[in-house]
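Reading the structure
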Amino acid sequence: MSYAAYKMMHPPTGIENCASGFITQCSADFVPQIPTIQPDELESDWPSTRSIGPVPNLVVSAANVLEVYVVRVQDDGSRDSKASTEIKRGGLMAGVSGASLELVCDYRLHGNVETMAILSIGGGDGGRRRDSIILTFEDAKIAALEFDDSIHGLRTSSMHCFEGPEWFHLKRGRESFARGPLVKVDPQGRCGGVLVYGLQMIILKAAQAGAGLVGDDEAFGSEGAISARIESSYIINLRDLDMKHVKDFIFLHGYIEPVMVILQEREITWAGRVSWKHHTCRLSALSISTSLKQHPLIWSAVNLPHDAYKLLAVPSPIGGVLVICANTIHYHSQSASCILALNNYAVPVDSSQEMPRASFNVELDAANATWLSSDVAMLSTKTGELLLLMLVYDGRVVKRLDLSKSKASVLTSGITTVGNSFFFLGSFLGDSLLVQFTYGMGSSMLSSGLKEEVGDIEGDAPTAKRLRRSPSDVFQDLVNGEELSLYGSTPSNAESSQKTFSFAVRDSLINIGPLKDFSYGLRINADPNAVGIAKQSNYELVCCSGHGKNGALCVLQQSIRPETITEVELPGCKGMWTVYHKSTRSHNPDSSKIASEDDEYHAYLIISLEARTMVLETADLLGEVTESVDYYVQGSTIAAGNLFGRRRVVQVYGRGARILDGAFMTQDLSFGASNSDSTTGSDSSTVASVSIADPYVLLRMTDGSIQLLVGDTSTCTVSVSIPPVFDSSKKPVSACTLYHDKGPEPWLRKASTDAWLSTGIGEAIDGSDNSPHDQGDIYCVVCYESGDLEIFDVPNFSSVFSVEKMSGKNNLIDTIMRKDSAEEGRKVNTQNMNVVELAMQRWSGQHSRPFLFAILSDGTILCYHAYLFEGQETASRIDSSGQNSVNLSSISASRLRNLRFVRVSLDTYAREENSTGNYYNKRITIFKNVGGHQGLFLSGSRPTWFMVFRERLRVHPQFGLAELYLPFRTAWSSLCHHSLCDGSIVAFTVLHNVNCNHGLIYVTSQGLLKICQLPSATSYDNYWPVQKIPLKGTPHQVTYFAEKNLYPLIVSVPVLKPLSHVLSSLVDQEAGHQIEHDNVSSDDTYTVDEFEVRILEPEKSGAPWQTRATIPMQNLENALTVRVVTLFNTTTKENETLLAIGTAYLQGEDVAGRGRVLLFSVGRNTDNNPQNLISEVYSKELKGAISALASLQGHLLIASGPKIILHKWNGTELNGVAFFDVPPLYVVSLNTVKNFILLGDIHKSIYFLSWKEQGAQLNLLAKDFGALDCLATEFLIDGSTLSLMVSDEQKNIQVFYYAPKMSESWKGQKLLSRAEFHVGSRVSKFLRLQMLPTTDTLGSDKTNRFALLFGTLDGSMGCIAPLDELTFRRLQSLQKKLVDAVSHVAGLNPRSFRQFRANGKAHKPGPDSIVDCELLCHYEMLALEEQLEIAHQIGTTRQQILSNLNDLSLGTSFL
């Protein structure tokens, strides 16, 4: 492998930072919600005035992914009859029936977000300005981002960089720092502070309102939604203020000038010196004057514990700061201070002092905190418990601190309050949660507090039951029958009532990190007959993820494989449709019928073959009724669907259409010469494509003309009309579709500036306003062969939106609105790039916006998401655009001038290369409900699901790709007879009937019709479909036992043990020392991890995963590795497959380390007795920890402490045959290929050894002489070359090779570097998988080519795939161009991000021979002209580049 590509296949999901602020709208934009509690219900004893106020956005970051969400609250108003019938997750609370997160925008940055803060604007101007996001990146980069409505995304408002030669003096000679930059912001938004390089404080001065950059304010439209900005920055050197070790800092509330409190440690202490030196921290409060650049000290506090680590600013009106330590909590302000001890380890400064204690013991190291109200903070501990800390105060003086337990929850990495009723628990180790909270005032907290102490915040039985009752019951429960007083009139809560809190989980974001290990095993519905590429879709990844009680097994698949219910052979299918039929459908259905419309069963399935049409009834069984119905069955059907509120079926065929009522025809139409003024040659034109939107049917003929069938709802008949727009203009249409803007408030009406249109009163839209289906408007979207896009309203066909040269633009803006419509740019030859298919759809959801899909003739798919932007309309601009023939006033009235579209990236989708000339096969099928999901299905040779979750598209391919293998087609047809590798899918439709609930039907190109359902246990709202199996413990390592289809897995569960018991087991038994137990009290407990190996069996036919057997470890014994090994039994002379476990005893630093190696045989699992499944065949204790195991040519290789030993197996015991004293410290990974061994050491990089059978010796071939903290290693095989891959603690990967002939290898002692790359995540495991042959590799010698799939600790998956030199050079020159051609979010440079990070150690840079697909995927998102221009500059074609990228994503579609 001389050249390779790095490809991120599953972006990170472990959330590291979260914050909330008004990013996409200002707080004044919210309509105040009237509380829905009736005044007579509980008017005196419930603070019903507390409504859910403005809800800010939620911003989260996971490694290099930044996402902005908006919280959508469904209030339980009776306005929406549909919403009130179904109560969402978490039940009903405070008049809210549900809340969900909806994605606004997401970015993959070229840099990992270290810390994040929200620069708010303060209360000055009535909430008209918006907040900005401040991000910091490694070493000292700061970027401020604001939301730009015009592009519906973030743009960079300022960048501050303190790196490079002119800032070297800030480091003061140091190279590595304990942490990256830390940013905090003044609560009033006057300034921000960033702590970099340990002791340099950068002050960011915020721009005052109205003092923004000149000329920028006008661009923001008349409302003046200006975001907070940073005006300038300067540096304070904290060394000059005599500070040494800064731990944290924060800005306080309630001061006239910004006040920063810094927590620092004057003299460092450590655990061994705590008894002498324990109160080493102090607080310093500096008043920051940004104009004078002065920072006087205004107050300070000394003698804080050495384990203080976090500051929390107390909100107004109290003010002051909380200092959180591991064993105490301190409150300090300028005038008062108080303290709360949390456990027995809390030490007072002097022994005379008596400290108030909490009512229970807790340790607060690694806690996160946020404020629920101005005097209640919520802390989340390292065990995932939520604690409520209440400040009891009088005026502005805090009297004491009260701590109480609340729910248990996820282990958090960050926590933020979102508005006044929600908080978000961001988690790196588990799923993140959005929780709604409400509080009442109770004279004591016990009654509800005790009830809530038990149980998890995630639907435990008591709360779930409590919240499922009617709303008044819930309130009764919260009130608990006690007299509640409202807020007292004095600003004092010292003696008044306590607050009782209730929580309801509203939404969660899936996280599959941290991926500690994974293995590659067969799926449940794997297909034994599959060959070649289709084999890959037989596999799934089983990953160890999470920690502690959030530990889980994640089952990941890259592609969806539906569960087949039945299949039949059906050759020659062209298309399929299912239709409804209700004869008794009333003219104006009431709301109950609409609600049940989704559950109506389909009536008929229409299948179009090459020369005929079949009709099947979809009752209990699919029975063919072709002969007994009046459908047109003599030829193939183009399309079928329902009209007139599902009372009629329309069937369109090549030369006509039929309207049917059930099985009986009510109208027959033919499109012949008679209709179109008998122009010559028109009779040869047949229907090419159809789009149905009740009551219209749009037809595009083969000659590019358009016809419209207009339905009359009163008579249920249709008539043919040719829209005058298309009759006069002879522009040929390449694709068109109808879009039905449904719902009580049609979305596109907001995009027009007409008063009568935007009010939603629809008299003027069309005359038949009393008709039952008038729930919205219908538009016609048209693409011409010139590449222009136009939207018309139906039936008037006046143009409401148009874009010139749509393909490839990132934002579609109405031509009238564009300033630059005059400049056309130089014409680039964009031959034959027409749009061949269009679809526009708005899926259900209160705030959903339409998506527009277009398929180009070369197979590219463009996806756009609509949004609204109200720019400043100046009539002059419209006049000057030179529309001479049309009356301007009429055109500007109904234009959707506020409508814009933003391009959505689909970089996970592999394009279809060879699209044939037959465009009439429709590929997009929109589905509203398949297994509860909505989206669209793309048929063709790469069938793909596009599912819509929280307004974001999730792209999931389906199956293996049989179509590619043209040379193997003959072999395929026999093999794929009953196989699951469907390859190309020619037709797809949804089916909902008795036996198939919200399922689907599709037909493969081999002629198999399958009726399926989506697997229900899998969650699709993730980058890959995932199924999480909770373990209630930390998983450490997993391996796959292929013969029995079992997964052995190391799990550790924390167990509380008496401290005396733990201490006595830490002594060396032989020496016989005794520990004095005088200072250990009897009730002290200590948490110890107990290890076990569980043998799990994957689910079969819907049953859950089951633990077949467990192997417990001894006391204080940790299982470190579990592997399935194949050993050659020297007695019986045959191979045995055994399960090998390596362990270590952890008994503290006074006892010599030792470990055990255990071998188990896995027997036949005939009876379900777990004891018979596994049996121990061997166990042996060795010196040193057994940290890694591998089988090497029938021998067992054991890494035991500082040496590796090779053992032979004779059926009863292991005998050492060779050893080598190599790892200097500790083996983290061991890989073998043939007789080669690759070994990674925890600090001393990698060693490459070989084993020689004759002479029985292990030889060191070469090693890397650098210091490297290895995390994972693996061999990479490319043809006949062998490379060694290693990942390290600094988030890099390196590729080495062994070349004894090269002079720089010191006669072969030294491994040479072949490539190095900064991944940005710690890679914990590599897996070598054979690459799939693609079109260009067939018949070449590149078949023995492997890629490495890897998993990382922040939940991302990626791969390193070898490239041949020509492709590499082409992609590398493209990458260099893209560094400048793409505007990077937050101004980050992709080249600097991918540089090897040595963290201060000496490192000679290696060759740059890995291309970054994270940057290359931006190529497809450029405008078409730029794509062609860049391809031309590097001397290649766009087609060639896309083909290379496509082959890469196909060759690595392993799952």
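The structure under discussion appears in the preceding block.
Per chain, residue numbering runs from 1 following the sequence as it is written. Restriction of local features to residues with pLDDT of at least 70 applies here, the model being predicted, together with a cutoff of 80 or more for giving and counting side-chain atom pairs; totals for whole chains, interfaces and linings are based on all residues. No hydrogens and no water enter the side-chain calculation; it runs on all heavy atoms of the structure.

What to know about the overall build of the protein chain
Rule in force here: Each helix is a run of H or I in the DSSP string that is no shorter than four residues. Each strand is a run of E no shorter than two, and both are numbered from the N terminus. Between buried and exposed lies partly exposed: a residue is buried under 20% and exposed over 50% of the maximum accessible area for its type, with that area taken using a 1.4 Å probe on protein chains only. Residue contacts follow a heavy-atom distance rule, with two residues in contact if any of their heavy atoms lie within 4.5 Å.
The helix and strand tally for the protein chain stands at 17 helices and 86 strands. The 1455 residues of the protein chain split such that 56% are buried. Sequence separation of at least 24 residues holds for 62% of the intrachain contacts in the protein chain that already meet a minimum separation of 6.

Considerations on helix α17 (residues 1438–1451)
Just so we agree on the cut-off: Multiplying 1.5 Å by the residue count of a helix minus one yields the expected span of that helix.
In this model α17 runs 20 Å from its N-terminal to its C-terminal C-alpha over 14 residues, within 8% of the 20 Å that 1.5 Å per residue would give. For α17, the buried fraction is high: 12 of the 14 residues fall into the buried class. Listing the buried residues of α17 in full gives Arg1438, Ile1441, Leu1442, Ser1443, Asn1444, Leu1445, Asn1446, Asp1447, Leu1448, Ser1449, Leu1450 and Gly1451. Where α17 is buried, its residues meet β1 (3–10), β85 (1357–1363), α13 (1365–1381), α15 (1413–1416) and α16 (1424–1433).

Describing the nonpolar core
Proteins that are soluble and globular tend to have nonpolar side chains buried together. For clarity, the threshold we go by: By nonpolar core is meant a set of buried Ala, Val, Leu, Ile, Met, Phe, Trp, Tyr and Cys residues that side-chain atoms within 4.5 Å join together.
Ranked by size, the top nonpolar core spans 43 residues in total, and within it Leu541, Leu1349, Leu1374, Leu1378 and Tyr1419 carry the most contacts. Other than its neighbours up to four places away in sequence, leucine 1374 contacts Leu1416, Tyr1419, Ile1430, Ile1434 and Ile1441. One finds Ala603, Val650, Val652 and Leu660 within the second-largest nonpolar core, a separate group that totals 31 residues.

A short note on the sheet that holds strand β52 (residues 851–856)
Under the convention used in this document: Two strands qualify as a pair provided DSSP detects at least 2 bridges between them. Fitting a line to C-alpha atoms yields each axis, with helices limited to the stretch in contact; the angle taken between N-to-C directions then spans 0 to 180 degrees.
Within the open sheet, the five strands sit side by side as β50-β54-β53-β52-β51. Their pairing is antiparallel. One side of each edge strand has no neighbouring strand; the edge strands of this open sheet are β50 (811–813) and β51 (835–841). Strand-to-strand, the axes of this sheet are offset by a mean angle of 25°, without reference to chain direction.

A closer look at the pairing of strand β21 (residues 337–341)
Of the pairings in the sheet, the one linking strand β20 (residues 328–332) to β21 comprises five bridges and is antiparallel in character. Within β21, the position partnered with histidine 332 by the bridge is serine 337. Between β20 and β21, which pair antiparallel one after the other, the connecting turn spans four residues.

A few points about the packing of α13 against α17
Our working definition: Any angle from 65 to 115 degrees is called roughly perpendicular, while one under 35 is roughly parallel, one over 145 is roughly antiparallel, and all others are oblique. Crossing chirality is assigned from the near helix's rotation relative to the far helix, an anticlockwise turn below a right angle marking it left-handed and a clockwise turn marking it right-handed. Gly counts as polar in this scheme, as do all residues outside two lists: the nonpolar Ala, Val, Leu, Ile, Met, Phe, Trp, Tyr, Cys and Pro, and the charged Asp, Glu, Lys and Arg.
With their axes 11 Å apart at the nearest point, α13 and α17 run at an angle of 110° to one another. In terms of orientation, α13 lies roughly perpendicular with respect to α17. For the pair α13 and α17, the crossing hand works out as left-handed. Only Gln1440, Ile1441, Asn1444 and Leu1445 of α17 make contact with α13, whose side of the interface consists of Thr1367, Arg1370, Leu1371 and Leu1374. Across the contact of α13 with α17, the residue classes break down as four nonpolar, three polar and one charged.

Considerations on the environment of threonine 860
Keep this limit in mind: N or O atoms within 3.5 Å of each other form a polar contact, as long as, within protein, one can give a hydrogen and the other can take it, and as long as residues adjacent in sequence are counted only when both atoms are side-chain atoms.
With respect to the helices and strands, the residue threonine 860 is situated in the loop between β52 and β53 (861–868). Threonine 860 sits 25 residues away from valine 835 along the chain, and the two C-alpha atoms are 9.4 Å apart. Excluding residues within four positions of it along the chain, threonine 860 makes contact with Ala854, Ile855, Arg911, Glu1420 and Arg1438. Here aspartate 858 takes part through its side chain, which lies 2.8 Å from a polar atom of the side chain of threonine 860.

Here we look at a nonpolar patch on the surface
We apply this condition: Patch membership is restricted to residues that have no salt bridge and whose relative accessible area is over 30%. Joining uses 9 Å for like charges and 5 Å for the nonpolar side chains Val, Leu, Ile, Met, Phe, Trp and Tyr. In these tables, accessible area is a Shrake-Rupley quantity obtained with a 1.4 Å probe, and a residue counts as shielded only by the protein chains included in the view. Any carboxyl oxygen of Asp or Glu within 4 Å of a side-chain nitrogen of Lys or Arg constitutes a salt bridge here.
A contiguous nonpolar surface patch, about 230 Å² in accessible area, is contributed by Leu1225, Tyr1226 and Ile1242. Along the chain, the position of tyrosine 1226 falls in the loop between β74 (1214–1220) and β75 (1227–1233).

Considering the sheet that holds strand β44 (residues 706–712)
Strand order in the open sheet made by the four strands is β42-β43-β44-β45, with antiparallel pairing throughout. The open sheet terminates on both sides in strands that have one partner only, identified here as β42 (687–693) and β45 (717–721). For this sheet the average axis-to-axis angle between neighbouring strands, irrespective of direction, equals 20°.

Here's the deal with the pattern of salt bridges
Oppositely charged side chains may form a pair once their charged atoms are brought near each other. Taken as a whole and assessed by the stated rule, the structure comprises 46 salt bridges. Among the salt bridges present, the one from lysine 399 reaches aspartate 394, with a minimum N-O distance of 3.9 Å. Residue lysine 399 is classed as partly exposed on the basis of its relative accessible area of 49%. On the basis of relative accessible area, aspartate 394 is assigned to the partly exposed category, the value being 37%. In this structure, aspartate 1412 and arginine 1394 form a salt bridge, with 3.2 Å as the shortest nitrogen-oxygen distance. On the criterion of sequence distance, the pair formed by aspartate 1412 in strand β86 (residues 1410–1412) and arginine 1394 in the loop between α14 (1390–1393) and β86 is long-range, its members being 18 residues apart. Among the residues examined, arginine 1394 registers a relative accessible area of 10% and is labelled buried. Through salt bridges with shared partners, one network takes in Glu146, Asp148, Arg155 and Arg229.

So, the environment of valine 629
Along the chain, valine 629 falls in the loop between β37 (622–624) and β38 (637–643). Those residues in contact with valine 629, other than ones at most four positions away along the chain, are Val615 and Ala663.

Comments concerning the packing of aromatic side chains
What counts here: Stacked, tilted and edge-to-face pairs are distinguished by plane angle, under 30 degrees for stacked and over 60 for edge-to-face with tilted covering the rest, among Phe, Tyr and Trp rings (Trp via its six-membered ring) whose centres lie within 6.5 Å. Whether a charge sits over a ring comes down to the Lys NZ or Arg CZ being within 6 Å of the ring centre and within 35 degrees of the ring normal.
Enumeration over the complete set of coordinates arrives at 34 aromatic pairs. Their ring planes at 75° and their centres at 6.0 Å tell us that tyrosine 1178 and tryptophan 1209 sit as a pair that is edge-to-face. Taken together, the positions of tyrosine 1178 in strand β70 (residues 1174–1183) and tryptophan 1209 in strand β73 (residues 1203–1209) put the pair 31 residues apart, joining distant regions of the chain. What makes tryptophan 1209 buried here is its relative accessible area of 2%. Taken together, the aromatic side chains of Phe423, Phe437, Tyr439, Phe501 and Phe503 make up a single cluster linked through ring pairs. Seen from the ring of tryptophan 1306, lysine 1310 lies directly overhead, with NZ or CZ sitting 5.1 Å from the centre. One cation-aromatic arrangement involves arginine 1314 over tyrosine 1297; the distance from NZ or CZ to the ring centre is 4.1 Å.

Describing the state of the cysteines
Rules: Sulfur atoms of two cysteines make up a disulfide when they are within 2.5 Å.
Summed over the entire model, instances satisfying the criterion amount to zero disulfides. Cysteine 325 carries a free sulfur, and the closest cysteine sulfur to it, the one in cysteine 281, is 7.4 Å from it. The cysteine cysteine 1012 is free of any disulfide, with cysteine 996 supplying the nearest cysteine sulfur at 7.9 Å. Using a relative accessible area of 0% as the deciding quantity, one classes cysteine 1012 as buried.

Concerning the pairing of strand β23 (residues 376–380)
The element β23 is extensively covered by neighbouring structure, given that five of its five residues are classed as buried. Of the strand pairs in this sheet, strand β22 (residues 368–373) and β23 are connected by five bridges, and their pairing is antiparallel. By the bridge assignment for β23, serine 373 is matched with valine 376. Linking β22 back to β23 in an antiparallel pair, the connection comprises two residues. Taken together, β23 and the strand that follows it, strand β24 (residues 385–394), pair antiparallel across an intervening segment of four residues, in which glycine 384 is found at a positive phi of about 90°.

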